[in-house]
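Breakdown of the fold
Next come the chains, spelled out residue by residue.
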Amino acid sequence: MINSYCKPDLIMMNANIITMDSRLPRTEAIAIKDGKILAVGTTSDIIDLSTSNTKVLDCSNKTILPGFIDAHAHVLSAGTRHVTEVDCNRSSIGEISKLLFSKAKTTPEDDWLLGFKFDDTKIVESRFLTRQDLDSISTRHPIVVAHQAGHVFFFNSAGLSMTGYNNESQDPRGGRLGRDPVTGNLNGQIYGTAIDHIRKNILPCPSDQDRRKGLDLITKMFLKSGVTSVHDAMVSNQDLRIYQDSKNAGDLNLRIYMLMHKDHFPALRDSGIKTGFGDNKLRLGGIKLVADGAIATRTAYLSDPYVGSCDHGVQNMYPDEVQEQVLDIHKAGFQVCIHSNGDATIDMVLKAYEKAQIAFPRMDVRHRLEHCSLINPDLLKRMAALGCVVTPFSSYVYYHGEKMGFYGPKRLEWMFAQRSFIDNKINSTGASDYPCSPPDPLIGIQSCVLREDTSGRIWGPSQRITVEEALRIYTINGAYASFDEQIKGSIEPGKLADIVILDQDPTNVDTHLIQDISIEMTIVGGEIVYEN
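Let me sum up the structure you'll find in this document. Note that the coordinates shown come from a computational prediction; the quantities given were computed from them, not determined experimentally.

This paragraph deals with the overall build of the protein. When its secondary structure is counted, the protein shows 18 helices and 24 strands. Since a compact globule built from 532 residues should have a radius of gyration of about 24 Å, the 23 Å found for the protein is in line with a globular shape. Considering only C-alpha atoms, the protein reaches an extent of 80 × 55 × 50 Å along its principal axes. The buried share of the protein, taken over its 532 residues, is 58%. Considering only contacts in the protein between residues 6 or more positions apart, those separated by 24 or more positions represent 73%. Accessible area of the protein: about 21,100 Å², with a carbon and sulfur share of 50%. The centroid of the 56 positive side-chain charges in the protein is displaced by 2 Å from the centroid of its 66 negative side-chain charges.

With that settled, the discussion passes to the sheet that holds strand 24 (residues 527-531). Sheet architecture is open: six strands sit in the order 3-2-7-22-23-24, paired in mixed fashion. Each of the sheet's edge strands pairs with one partner strand only, and the pair in question is strand 3 (26-27) and strand 24. Alignment of strand 7 (residues 63-66) against strand 22 (residues 499-502), held across four bridges, turns out to be antiparallel. Paired with P66 across the strands is I499, a residue of strand 22.

Taken residue by residue, helix 2 (residues 75-84) has V75, L76, A78, G79 and T80 as its buried positions. At its buried positions, helix 2 is contacted by strand 8 (68-73), strand 10 (113-118), helix 7 (208-224), strand 15 (227-235), helix 8 (237-248) and strand 16 (255-261).

Before going further, it helps to spend a moment on the pairing of strand 19 (residues 368-371). The sheet contact formed by strand 18 (residues 336-340) and strand 19 spans four bridges and is parallel. Counterpart to H339 in the pairing with strand 19 is E370. Chirality of the crossover, the property in question, places the unit of strand 18, helix 11 (residues 343-359) and strand 19 among those that are right-handed. Sheet analysis places strand 19 next to strand 20 (residues 389-391), joined by three bridges and oriented parallel. Within the sheet, the bridge partner assigned to E370 lies in strand 20 and is T391. Note on the crossover from strand 19 through helix 12 (residues 377-386) to strand 20: the handedness is right-handed.

Let's shift gears to the nonpolar core. Ranked by size, the top nonpolar core spans 74 residues in total, and within it F68, Y243, L369 and M383 carry the most contacts. Among all residues touching Y243, those that are not within four sequence positions of it are V75, L76, L215, D232, V235, L252, I256, M258 and L282.

On to the packing of helix 7 against helix 8, then. Running from amino to carboxyl end, helix 7 crosses helix 8 at an angle of 65°, the nearest separation of the two axes being 10 Å. Between helix 7 and helix 8 lies a crossing of right-handed hand. Taking contact as the criterion, the partners of D208, R211, R212 and L215 in helix 7 are, on helix 8, Q238, D239, R241, I242, Y243 and S246.

For the rest of this paragraph, the subject is the sheet that holds strand 12 (residues 152-155). If you walk across this open sheet you meet the six strands as 9-10-11-12-14-13, and the pairing is mixed. The outermost strands of the open sheet, each flanked by one partner alone, are strand 9 (86-87) and strand 13 (175-179). In this sheet, strand 14 (residues 186-192) lies alongside strand 12 in antiparallel orientation, the contact comprising three bridges. Along strand 14, the bridge assignment pairs V152 with Y191. Together, strand 9, strand 10 and strand 11 (143-147) form the strand contacts of helix 2, whose direction differs from that of strand 10 by roughly 125°.

Here we take up the pairing of strand 22. Across the two faces of strand 22 the burial is the same, with I499 and I501 and V500 and L502 all buried. With four bridges connecting them, strand 22 and strand 23 (residues 519-524) associate as antiparallel partners. Bridge pairing in strand 23 links V500 to T522.

The next thing to look at is the environment of T507. With respect to the helices and strands, the residue T507 is situated in the loop between strand 22 and strand 23. Among the residues examined, T507 registers a relative accessible area of 24% and is labelled partly exposed. Separated by 36 residues in sequence, T507 and L471 place their C-alpha atoms 9.2 Å apart. Once you skip the residues sitting within four places of it in the chain, T507 turns out to touch I18, R26, V467, E468 and L471. Separated by 2.9 Å, the side chains of T507 and R26 make a polar contact.

On to helix 3 (residues 93-105). Because each turn of an α-helix spans 3.6 residues, side chains separated by three or four positions end up pointing in the same direction. In this model, helix 3 (13 residues) spans 18 Å end to end at C-alpha, consistent with the 18 Å of a helix rising 1.5 Å per residue. Every buried residue of helix 3 is accounted for by I93, I96, S97, L100 and A104. Axial view of helix 3: buried residues confined to an arc of 100°, hence all on one face. Exposed side chains of helix 3 directed beyond 90 degrees from the buried face belong to K98 and K105.

Criteria and thresholds
Residues numbered from 1 in each chain as written. Predicted model: local features only at pLDDT ≥ 70, side-chain atom pairs only at ≥ 80, totals over all residues. Heavy atoms only, no water. Helix = DSSP H or I, 4+ residues; strand = E, 2+ residues; numbered from the N terminus. Rg over C-alpha atoms; globule rule 2.2 N^0.38 Å. Buried < 20%, exposed > 50% of the residue type's maximum accessible area, 1.4 Å probe, protein only. Contact = heavy atoms within 4.5 Å. Areas by Shrake-Rupley, 256 points an atom, 1.4 Å probe, with all protein chains shown as cover. Lys, Arg positive; Asp, Glu negative; His and termini not counted. Charge placed at Lys NZ, Arg CZ, Asp CG, Glu CD. Pairing = 2+ DSSP bridges. Right-handed = clockwise from strand over helix to strand, strands pointing away. Core = buried A, V, L, I, M, F, W, Y, C linked by side-chain atoms within 4.5 Å. Axes fitted to C-alpha atoms, helices over the stretch in contact; angles between N-to-C directions. Left-handed = near helix turned anticlockwise from the far one by under 90°. Polar contact = N/O pair within 3.5 Å; in protein donor to acceptor, adjacent residues only side chain to side chain. Expected span 1.5 Å × (residues − 1). Arc of directions from axis to C-beta.

Encoded structure:
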């Protein structure tokens, strides 16, 4: 029963509402008060709650869903890179070179020239960049370009000379130095942890002004896609400060769950706080570690080699350090969130989780396997027993289909395994890992449902899920991954009024057209933050 004094600020009526609440799966109207859902029900029931001060929105049978939750994306860092770096998501090395050359003309000599979102399989040359490619752009600027997936970086000669590596350097633990196959000399490609000291000590640090511009840009990008909450998958202390400043100024329109870089764990632990500190707009999440490479760069660490190769990928962390760090973080009361793509890596991480839980039992810890790309029946059983949360790439089959051949049809039946996660009662989420794939949940939903790439090729059809299941992973499952299922992820009285309006019902269109559905409006806390 609704208190007669609780009159709504906003009523949305005549809608096709998919609530994600099993007790009332579909309804017609929502009443919102003070940023929360006051009531849901039929239009006739809800409209009776209105007063002369209530704003009434007639939705004309458009579809309403809980706001989408992206459970793994690089929010602030990606936004900042859009401001400070060259977007190399182009179709040829020639196009990329022109963009970098244009940037070089306005960049002082000896200053770094940075690029990101390069993808070797999406250019006509279909290869990695070399030192010589980047030398042709400039020898007076150090240059580094990051692969779209991260994990591999491409330097020109000037940039490489500043890294401390030379032709006699050995591969560092957890990393790899790319070499010319004929001469054995460094070719400018740097993999895995070999980049760490360069990022920390050599590459320029973005200014606060650029970070603020980046946050504004990336926020608008997500809101336009219907995303109301994001789990930022690698947050630095500088990022945290920018987030706090934005929140205090009333400018933070996304809800952010922060996975903090592992380097900040000792300070966080010693301060006495742990996972969950904060509020429903900005909350401290887990501690992020990276244990192997990437699917898109073919550096995920696999038990069997890549198709046509003897390479198993790059192992960024080893069992001894994983077990030691997991135990410390678990013991301190934090959620542990480990980037684990390959099956060999997932096995290593699960062993560390199992040992930590035996040594220091905790209830409802929800440790996470970020990406969790290649699994098998044994891994599934162990994840379920531990109560792990997994965040597989939702749109990779669709967006990165040209890379799937490196894994092969047999392995694809166990990759991005949403069907297996659901069937084994493992909480699996929707995740873009932006900038590694587009931030649009509707692309991810279509990819999970069809398992079909942009060329119409089908990869791993046994892992298909229904549209309803895909909507669930992008809403209530995402909320569960951040311990927020009681306050968001479904449209129920008392929950946050985070809502997206679509021009069509994803459950009632040709599944090949889901990605084309228009986002009409995005609402966060009862406030309209995007309108088409």
